[in-house]
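Breakdown of the fold
The lines below spell out each chain.
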Amino acid sequence: MKALGAAGLTPGLTAAALGGPAFEPLTRALVLSGGGARGAYEAGIIAGLAAKAGVSDGAPLSPYGIVCGTSIGALNGWFVATGQYTRLRDLWYGISAENLVRLKPQFAAIRDPESGVGNRFASAIRLASLTKNQGALLDSQPVLDWIARHVDPETPLLMPLIWVSTNLTMQRAEYFYMRPRGAPAGVPEEVIASLQLSLGPNTIVRAATADLLHRQLFASAAVPVAWDPVQMPGPDGSIDQYCDGGVASNSPVSFAHAVASAADVILMDPPFEPVTDYTDAVTIGFGVFGTMQRKILATDMRNVYFQSVAKNAFARVTDRRAMPNAEHERELASFMASSVATDLFFMRPKETLPLGAGAFDDEEGIGKAYRIGWYDAFRGFTAYDWKTFDV
């Protein structure tokens, strides 16, 4: 591990030499997308990859040097980064009994057939006034309690873990990172420069802290309207509101691109299939959210691909006459020193998974999705081709 692991940076070529990047990239990154209960599919793939590589609990998942996740991918990523593959499997096979998805008490009467007509009517009125008085429908505490029971901040990491949350207050994505003990405290400036090249100069990367770890992980998974935004300190110490990282980056491909020469991306959805049953506000809302996520994914994948093509092409330029303008040459040197050429691969289900994103109580569907993921892991990853990739 060089870029974000326990080792320090390796000096790169000088910018004037048009080599670079200015650090030695990791060999391979694992990217875990968001998808709610469909994360069971992702967990099955993780188990299959570990089995293929002959990796046991307590050992890093070869050949990866970093895990990048969003939403449920951030939670799955914690167990990958800490080498807890068996525990991850057991948690998924037991999650349907946890009753994690609970309506807030003021809305519960809507679903309770034993409640009186008056109670249901009162709850419906409260639901109708959601935009004025409530931030979401579901109770956050069961999920926070589940994370607190199963994510121990003292568990040592075997590889770096990066995840994405959306800072609603500042309307931007923020990347949280944790690194193995003994690693340098900060993210190397060269890595920040590489990330900012992909995502913009104001990209925020910050350390996760043990005292806020549970909230920082939950923030990545707090789907808007479903759960209230998570309140916690922003980078400047002010209390900001955070929600699902999928709003900004459901598959954090760009971070993997900033640090690794290759990235394996796990997606939860098959190639696009038309949906025609938009019959209520909930399905419409999730349809809009899904459309946004697919668009962001397609854009991120293409950006990484073409930046990598450009990096490889410029690296082969030897004729100095091709860059006669000194200012342009400096810009090219900066690009070469800050960018990584990343080969992209992906894995996704062939068909829509047999459970909904919110179906954490669907024991049968979760088991089926997990087993599909296990078998897909042995099928292997597919090389990304921008001409044929269909979101």
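Residues numbered from 1 in each chain as written. Predicted model: local features only at pLDDT ≥ 70, side-chain atom pairs only at ≥ 80, totals over all residues. Heavy atoms only, no water.

Of regular secondary structure, the protein chain possesses 14 helices and 10 strands. Here the protein chain holds 391 residues, and 49% of them are scored as buried. In the protein chain, once contacts between residues fewer than 6 apart in sequence are set aside, the share between residues at least 24 apart is 77%. Element-wise, carbon and sulfur atoms account for 56% of the exposed surface of the protein chain, whose accessible area totals about 17,900 Å². (Helix = DSSP H or I, 4+ residues; strand = E, 2+ residues; numbered from the N terminus. Buried < 20%, exposed > 50% of the residue type's maximum accessible area, 1.4 Å probe, protein only. Contact = heavy atoms within 4.5 Å. Areas by Shrake-Rupley, 256 points an atom, 1.4 Å probe, with all protein chains shown as cover.)

Evaluation of the coordinates by the stated rule reveals 12 aromatic pairs. Centroid distance Y175 to F255: 5.4 Å. Interplanar angle 35 degrees. Geometry classified as tilted. On the criterion of sequence distance, the pair formed by Y175 in strand β4 (residues 172-178) and F255 in helix α11 (residues 253-259) is long-range, its members being 80 residues apart. Considering the side-chain rings of F218 and W227, the 6.2 Å spacing of their centres and the 75 degrees angle between planes classify their relative orientation as edge-to-face. Here the two residues F218 and W227 agree in accessibility, since each one is buried. Members of the aromatic cluster, connected to one another through ring pairs, are Y305, F306, F346, Y384, W386 and F389. (Phe/Tyr/Trp six-rings, centres within 6.5 Å; stacked < 30°, edge-to-face > 60°.)

Quick look at the confidence of the model for the protein chain now. Taken as a whole, the protein chain shows an average pLDDT of 84; of its residues, 82% reach a score of 70 or greater. A low-confidence stretch, residues 5-20 (pLDDT under 50), is modelled with 40 contacts involving residues beyond four sequence positions or located in other chains. This stretch, residues 115-126, has a pLDDT under 50; its non-local contacts, to residues over four places away or in other chains, come to 14 contacts. (pLDDT = per-residue confidence, 0-100.)

L61, W92 and W163 are the most contacted members of the largest nonpolar core, which has 63 residues in total. Ranked by the residues each element gives to this core, the list is headed by helix α1 (residues 39-53), at eight residues. By size, the runner-up hydrophobic cluster in this structure holds 29 residues, among which are Y175, F255, L344 and Y384. (Core = buried A, V, L, I, M, F, W, Y, C linked by side-chain atoms within 4.5 Å.)

Moving on: the pattern of salt bridges. Note that side chains of opposite charge can pair when their charged atoms are close. Taken as a whole and judged by the stated rule, the model has 10 salt bridges. D269 is the salt-bridge partner of R38, the closest N and O atoms lying 3.3 Å from each other. Placement of the pair is R38 in the loop between β1 (29-32) and α1 and D269 in the loop between β8 (262-266) and α12 (281-315), with a sequence separation of 231 residues. The class for R38 is buried, based on a relative accessible area of 18%. Residue D269 is classed as partly exposed on the basis of its relative accessible area, which comes to 30%. A salt bridge links K104 to D228; the nearest nitrogen and oxygen atoms lie 2.8 Å apart. Linking K104 in the loop between α3 (85-94) and α4 (105-108) with D228 in the loop between α9 (213-221) and β6 (230-233), this pair joins segments that are 124 residues apart in sequence. (Salt bridge = Lys/Arg side-chain N within 4 Å of Asp/Glu carboxyl O.)

On to a nonpolar patch on the surface, then. Together, Y278, I284 and V288 make up a nonpolar patch on the protein surface, roughly 290 Å² of accessible area in all. Relative to the helices and strands, I284 is located in helix α12. (Patch = residues over 30% accessible without salt bridge, like charges linked within 9 Å, V, L, I, M, F, W, Y side chains within 5 Å.)

With that settled, consider the environment of V340. Checked against the element boundaries, V340 lands in the loop between α13 (326-338) and β9 (343-347). Between the alpha carbons of V340 and A256 there is a distance of 9.6 Å; along the sequence they are 84 residues apart.

The omega torsion of the bond from S62 to P63 falls at 10 degrees, within 30 degrees of zero and hence cis. One non-glycine residue, N99, lies in the positive phi region at around 55 degrees. As for its placement among the helices and strands, N99 is situated in the loop between α3 and α4. The phi dihedral of Q171 is positive, around 55 degrees, even though this residue is not glycine. Along the chain, the position of Q171 falls in the loop between β3 (161-167) and β4. Under the relative-accessibility criterion, Q171 is labelled exposed at 72%.

Right, let's get into the packing of α1 against helix α2 (residues 72-81). Axis separation between α1 and α2 bottoms out at 10 Å; the angle between their running directions is 25 degrees. On the basis of their axis angle, the class for α1 and α2 is roughly parallel. Between α1 and α2 the crossing geometry is right-handed. Of the residues in α2, those touching α1 at G39, E42, A43 and I46 are I72, G73, N76 and V80. Each residue belonging to the contact of α1 with α2 can be placed in one class, and the counts come to four nonpolar, three polar and one charged. (Axes fitted to C-alpha atoms, helices over the stretch in contact; angles between N-to-C directions. Parallel < 35°, antiparallel > 145°, perpendicular 65-115°, else oblique. Left-handed = near helix turned anticlockwise from the far one by under 90°. Nonpolar A, V, L, I, M, F, W, Y, C, P; charged D, E, K, R; others polar.)

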